[in-house]
Amino acid sequence: MTKIITAAEMAEHYEPLIDLYGALRKIEAQAAEIEQLRRDHAAMVKEANIAKARLKGVQKQWYADRAALGDEK
């Protein structure tokens, strides 16, 4: 059995759907922003690890140079 509804009744059901659609779009935008932040964080962690490895190499070289200079004395 098909129920016939008026335009006012239709509007009552339509407005919440529009609100839900807007909320869904907002959530999708936030999810995209979170994903971008996650990627940015991963890139920064990678850069930090590279810098840490370089520093460790410089420290090793410094200690080796210092030891070599100490042997010359």
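Now for a quick tour of the structure.

Calculation rules
- Residues numbered from 1 in each chain as written.
- Predicted model: local features only at pLDDT ≥ 70, side-chain atom pairs only at ≥ 80, totals over all residues.
- Heavy atoms only, no water.
- Helix = DSSP H or I, 4+ residues; strand = E, 2+ residues; numbered from the N terminus.
- Rg over C-alpha atoms; globule rule 2.2 N^0.38 Å.
- Buried < 20%, exposed > 50% of the residue type's maximum accessible area, 1.4 Å probe, protein only.
- Areas by Shrake-Rupley, 256 points an atom, 1.4 Å probe, with all protein chains shown as cover.
- Lys, Arg positive; Asp, Glu negative; His and termini not counted.
- Charge placed at Lys NZ, Arg CZ, Asp CG, Glu CD.
- Salt bridge = Lys/Arg side-chain N within 4 Å of Asp/Glu carboxyl O.
- Phe/Tyr/Trp six-rings, centres within 6.5 Å; stacked < 30°, edge-to-face > 60°.

## Side note on the overall build of the protein chain
Within the protein chain, the secondary structure is distributed over one helix and zero strands. A compact globule built from 73 residues should have a C-alpha radius of gyration of about 11 Å, whereas the protein chain, at 31 Å, is more than 25% larger. With respect to the three principal axes, the spread of C-alpha positions in the protein chain is 100 × 20 × 10 Å. When burial is assessed residue by residue, the protein chain has 0% of its 73 residues classed as buried. Carbon and sulfur atoms make up 62% of the accessible area of the protein chain, which totals about 7,200 Å². Taken together, the 12 basic and 12 acidic charged side chains of the protein chain have centroids lying 12 Å from each other.

## Observations concerning the pattern of salt bridges
A full pass over the atoms with the stated rule returns three salt bridges. Note that Arg38 and Glu35 form a salt bridge whose closest N and O atoms lie 2.7 Å from each other. Of this pair, Arg38 and Glu35 both sit in helix α1 (residues 7-72), three residues apart, roughly one helical turn. A salt bridge links Arg39 to Glu35; its shortest N-O distance comes to 3.4 Å. Highlighted residues: Arg39 and Glu35, both in helix α1, separated by four residues, approximately one helical turn. The exposure class assigned to Glu35 is partly exposed, which follows from its relative accessible area of 29%. By sharing partners, the salt bridges in this structure join Glu35, Arg38 and Arg39 into a single network.

## What about the packing of aromatic side chains?
When we look at a pair of aromatic rings, we describe it by the centre distance and by the angle of the planes. Scanning the entire structure with this criterion turns up one aromatic pair. Ring centres of Trp62 and Tyr63 lie 4.9 Å apart, and the angle between their planes is 75°; this geometry places the pair in the edge-to-face category. On the basis of relative accessible area, Tyr63 is assigned to the exposed category, the value being 52%.

## Digging into the environment of Glu28
Mapping Glu28 onto the fold places it in helix α1. Separated by 24 residues in the primary sequence, Glu28 and Lys52 place their C-alpha atoms 36 Å from one another.

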